[in-house]
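What follows is the residue order along each chain.
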Amino acid sequence: MKRFIEPNELARDSRFIRQDNNQATTLALLPDDVDKVVEMLEAFGPTIEQQVKGTAAEPLFDAYGPAFGLITLNQPLRPDDDAADTRLKLRMHGIFVGEIQALEGAGRSLWDFPDAPWEFKMNMARQCWDEARHVQTYEKLLEHVGGTVGMFPESTFLFDCACSDDPAMRVAGVNRSLEGLACDVFRDMIKWGEKTGDEVMRQAVDYVLADELTHVRFGSDWVKEFTKDDPERYKKAQEFRRQTDKQFSFGGARSAREDAAIPIAWEDRKDAGFTEEELQDLSDLGSEGPSRETMMEAARIMVERHRERRAKAAKEAAAGAGK
Amino acid sequence: MYPGLGRDETTTFEPYSAFDIPADLRELHGRYDVEATARRVRNFRYAEEWMMMAMGGWLATVPEMPVKTGLGKIIWEGAKAADEFGKRLPELRCGRKAVNESVASNEGFAGFIQDVTEPERPDLTIEKLAGVFDVLKPHLVEAYQKHMRETDAITDAPTVEILDEVVRKTERHIAWGREVLDRLCDTDAKRERRRKRVSELTATLRACGGVTGDIGDRDPGLH
Ligand SMILES: [Fe+2]
Ligand SMILES: [Fe+2]
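Here goes a summary of the coordinates provided.

About the thresholds
- Residues numbered from 1 in each chain as written.
- Chains lettered and ligands numbered in written order.
- Predicted model: local features only at pLDDT ≥ 70, side-chain atom pairs only at ≥ 80, totals over all residues.
- Heavy atoms only, no water.
- Helix = DSSP H or I, 4+ residues; strand = E, 2+ residues; numbered from the N terminus.
- Rg over C-alpha atoms; globule rule 2.2 N^0.38 Å.
- Phe/Tyr/Trp six-rings, centres within 6.5 Å; stacked < 30°, edge-to-face > 60°.
- Buried < 20%, exposed > 50% of the residue type's maximum accessible area, 1.4 Å probe, protein only.
- Lys NZ or Arg CZ within 6 Å of the ring centre and 35° of its normal.
- Contact = heavy atoms within 4.5 Å.
- Polar contact = N/O pair within 3.5 Å; in protein donor to acceptor, adjacent residues only side chain to side chain.
- Core = buried A, V, L, I, M, F, W, Y, C linked by side-chain atoms within 4.5 Å.
- Salt bridge = Lys/Arg side-chain N within 4 Å of Asp/Glu carboxyl O.
- Donors = N, O, S within 2.8 Å, 3.2 Å for Na, K, Ca; no water.
- Tetrahedral: all angles 85-135°; square planar, octahedral: opposite > 155°, others 65-115°.
- Patch = residues over 30% accessible without salt bridge, like charges linked within 9 Å, V, L, I, M, F, W, Y side chains within 5 Å.
- Areas by Shrake-Rupley, 256 points an atom, 1.4 Å probe, with all protein chains shown as cover.
- Buried area = accessible area lost by both parts, 1.4 Å probe.
- Nonpolar A, V, L, I, M, F, W, Y, C, P; charged D, E, K, R; others polar.

Our next topic: the overall build of chain B. Assigned secondary structure in chain B consists of six helices and zero strands. Ordered by position in the sequence, the α and β elements of chain B form the string α-α-α-α-α-α. At 22 Å, chain B has a C-alpha radius of gyration far larger than the 17 Å of a compact globule built from 223 residues. Taking the principal axes of the C-alpha coordinates as reference, chain B spans close to 80 × 35 × 30 Å.

Scanning the model with the defined rule gives 14 aromatic pairs over all chains in all. Here the aromatic rings of B:F44 and B:F85 are separated by 5.6 Å at their centres, their planes lie at 50°, and the arrangement is tilted. Here B:F44 is found in helix α1 (residues 34–58), whereas its partner B:F85 is found in helix α2 (residues 65–91), with 41 residues between them in sequence. Exposure class is identical for B:F44 and B:F85. Each is buried. Clustering of aromatic rings is evident, with ring pairs tying together A:W111, B:Y46, B:W50, B:F109 and B:F112. A cation sits over an aromatic face here: A:R269 above A:F274, 4.9 Å from the ring centre. Sitting above the plane of the A:W118 ring, B:R45 keeps its charged end 4.3 Å from the centroid.

Right, let's talk about the environment of B:T212 for a bit. Residue and element names in this part refer to chain B. Mapped onto the fold, T212 is located in the segment after α6 (188–208). A relative accessible area of 11% means that T212 is categorised as buried. C-alpha of T212 to C-alpha of A104: the two residues are 108 residues apart in sequence and 7.9 Å apart in space. Once residues lying within four places of it in the same chain are set aside, the contact partners of T212 are R40, N43, F44 and S105. Side chain to side chain, T212 and D214 meet in a polar contact 2.6 Å long.

Ranked by internal contacts, the top residues of the largest apolar core, which has 116 residues, are A:M92 and B:F109. If we skip the residues at most four places from it in the chain, B:F109 touches B:Y46, B:A47, B:L136, B:L205, B:C208, B:G210 and B:V211. By size, the runner-up hydrophobic cluster in this structure holds 22 residues, among which are A:I48, A:L60, A:F68 and A:M151.

Before going further, it helps to spend a moment on the pattern of salt bridges. One pass over the full model with this rule turns up 53 salt bridges over all chains. With a closest N to O distance of 3.9 Å, A:D206 and A:R202 form a salt bridge. Placement of both A:D206 and A:R202 in helix α9 (residues 199–226) is noted, with a separation of four residues, approximately one turn of the helix. Beyond isolated ion pairs, a larger network of salt bridges with shared partners links A:R12, A:E104, A:E154 and B:K68.

Here we take up the coordination of the iron ion (ligand 2). Residues and elements named next belong to chain A. At 1.9 to 2.2 Å from the iron ion (ligand 2) lie its protein donor atoms, namely E131 (OE), E179 (OE), E212 (OE) and H215 (ND1). One can describe the donor arrangement at the iron ion (ligand 2) as irregular, given that its four donor atoms subtend angles of 73 to 150° at the metal. Read N to C, the donor residues that coordinate the iron ion (ligand 2) are spaced as E-x47-E-x32-E-x2-H. Its relative accessible area of 3% is what places E179 among the buried residues.

To continue, consider the coordination of the iron ion (ligand 1). Metal coordination angles have textbook ideals: 109.5 degrees for a tetrahedral set of four donors and 90 or 180 degrees for an octahedral set of six. Residue and element names in this part refer to chain A. Here the iron ion (ligand 1) is held by E99 (OE), E131 (OE), H134 (ND1) and E212 (OE), and the distances to it run 1.9 to 2.2 Å. Geometry at the iron ion (ligand 1) is irregular, judged from its four donor atoms and the angles of 87 to 144° they form at the metal. Here the donor residues of the iron ion (ligand 1) share one chain and are spaced in sequence as E-x31-E-x2-H-x77-E. Here the iron ion (ligand 1) and the iron ion (ligand 2) are spaced 3.2 Å apart, with E131 acting as a shared donor. Here E99 is found in helix α5 (residues 84–112), whereas its partner E131 is found in helix α6 (residues 118–144), with 32 residues between them in sequence. Take E99 and E131: they sit in the same class, and that class is buried.

Moving on: a nonpolar patch on the surface. Residues and elements named next belong to chain B. Together, M1, Y2 and F13 make up a nonpolar patch on the protein surface, roughly 490 Å² of accessible area in all. By the secondary structure assignment, Y2 is in the segment before α1. Overall, Y2 belongs to the exposed group, its relative accessible area being 76%.

Counting from both sides, the interface comprises 31 residues of chain B and, opposite them, 30 residues of chain A. Taken together, the two surfaces of chain B and chain A that pack against each other cover about 2500 Å², and 72% of this comes from carbon and sulfur. Applying the counting criterion to the chain B and chain A interface returns nine residue pairs in polar contact (both at pLDDT 80 or more). Element by element, the count of residues in the side of chain B that touches chain A is highest for α2(B), at 11 residues. In terms of residue class, the side of chain B that touches chain A is built from 16 nonpolar, seven polar and eight charged.

Take the side chain of A:R108 next. Note on placement: A:R108 falls in helix α5. For A:R108, a relative accessible area of 1% gives the class buried. Within the structure, A:R108 has its side chain in polar contact with the backbone oxygen of A:K2 (distance 3.0 Å). Among the polar contacts made by the side chain of A:R108, one reaches the main-chain carbonyl oxygen of B:G57 at a distance of 2.9 Å.

Next up, the structure:
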């Protein structure tokens with residue numbers, strides 16, 4: 001078996017479909033400019049439509065057009081939201097496939113780095129078991145909220161970060177950045193469970209969050225260990241994590257702002273070895289790229305355009321039928 | 001209540017041998033001295049370490065969801081087994097640094113491990129699992145049990161304790177793996193793939209003398 005695989009080599013059964021990663025990557029790199037955001041997303045429109053066809057996200061596209069992603073990402077998930085049910089399923093599905101990729105990433109770290117220290121292998125092996133339980137937990141939770149496996153496309157963007165051939169970079173990207181993001185999202189899901197009285201959700205995610213903090217700690221410890229005599233490599237690992245964090249800040253969706261869709265789990269992250277300085281940096285990072293206001297204005301324009309297009313098409317179809 | 005210096009000053013407690021309660025029929029002397037046991041423990045560690053690393057690599061390339069999640073726990077238990085073997089080595093006069101030593105008994109066994117870990121395509125789950133759960137793990141159970149039978153059960157008891165625990169877990173792994181394989185091999189063609197894989201790997205294993213390099217053709221574990 002070879003060392004190092006590409007995200008498109010992740011094996012899935014026939015229930016799954018894949019999503020193009022370009023959109024998420026490009027989004028975080030856009031300037032804070034409504035027209036640019038609209039222009040880019042409109043360009044992706046046909047691709048997005050193609051991707052969601054036949055999936056549970058198709059109704060979302062029908063209603064909002066190519067901007068539906070912005071709406072689900074940038075509006076906090078509230079129980080009384082009209083589309084809360086679909087969006088909850090979308091989020092649970094996203095977490096579920098994320099856990100699969102975390103499992104695969106931890107496993108690949110065992111195979112890709114045969115000369116790594118034994119303690120590193122022990123940590124990764126333990127993570128394999130933890131992530132396997134998380135996959136099982138979220139498959140149940142997805143079912144619990146009425147969702148099914150494969151109902152939304154899977155982005156393999158998370159696994160991208162597990163493809164670094166330097167173990168320091170890999171744990172920086174996967175364990176510190178992605179697992180850190182998981183902590184933020186899970187803290188938010190626990191709150192959701194509390195708000196809606198969903199005790200099953202609250203308790204299950206509470207346990208998963210405890211595991212994730214352990215994984216972030218693995219990351220914090222191993223980045224230090226792998227780079228201890230090599231300040232250049234440490235800098236590179238930090239930069240890699242920042243880059244990953246930036247891509248995952250979803251154009252400000254995850255940030256320290258009060259109205260962020262996914263707030264940073266500040267206290268949890270401190271427990272797991274993030275310094276105040278790193279957290280401040282993360283919070284500033286999350287606020288780079290297009291602001292939430294820009295995203296929402298872009299979304300508003302695009303939803304309007306989408307509805308105009310649909311109305312025009314319907315009118316033309318009716319006229320054609322009348323001839 | 002403590003004995004004094006002369007015969008007339010003994011206590012009144014009944015004299016029992018160290019093996020009387022409960023009756024213990026173990027006898028001193030086994031087939032392996034300290035050095036031989038240390039060598040074998042390094043061999044065991046090699047097998048467990050490489051096996052769990054390979055299963056880690058496969059998580060990404062098996063499409064069957066229950067296989068992905070089922071392997072997660074087996075990887076962790078394999079790592080713990082390797083860890084326990086490693087911790088035994090300094091106790092066997094190998095030095096404190098020996099905790100990380102994994103050594104193949106010979107090149108033949110290293111080659112066998114290469115063969116077991118070779119499949120990577122997503123349509124090769126049968127070959128991946130048959131190598132581990134039909135061949136390697138059952139072989140390890142045999143080898144571990146052989147060591148427990150043949151070593152000095154009194155002086156080498158710490159090794160026996162580790163093996164006892166690892167065998168218990170490994171038997172559960174084998175039961176799981178075979179149940180999965182039985183389910184995956186639902187056509188004659190697939191059953192044939194499994195059979196072929198088992199027979200090829202068993203031949204390689206037999207040729208190199210197994211995990212410790214000294215398990216001959218007559219050993220029941222290799223038939
Ligand atoms: Fe996880
Ligand atoms: Fe994790």
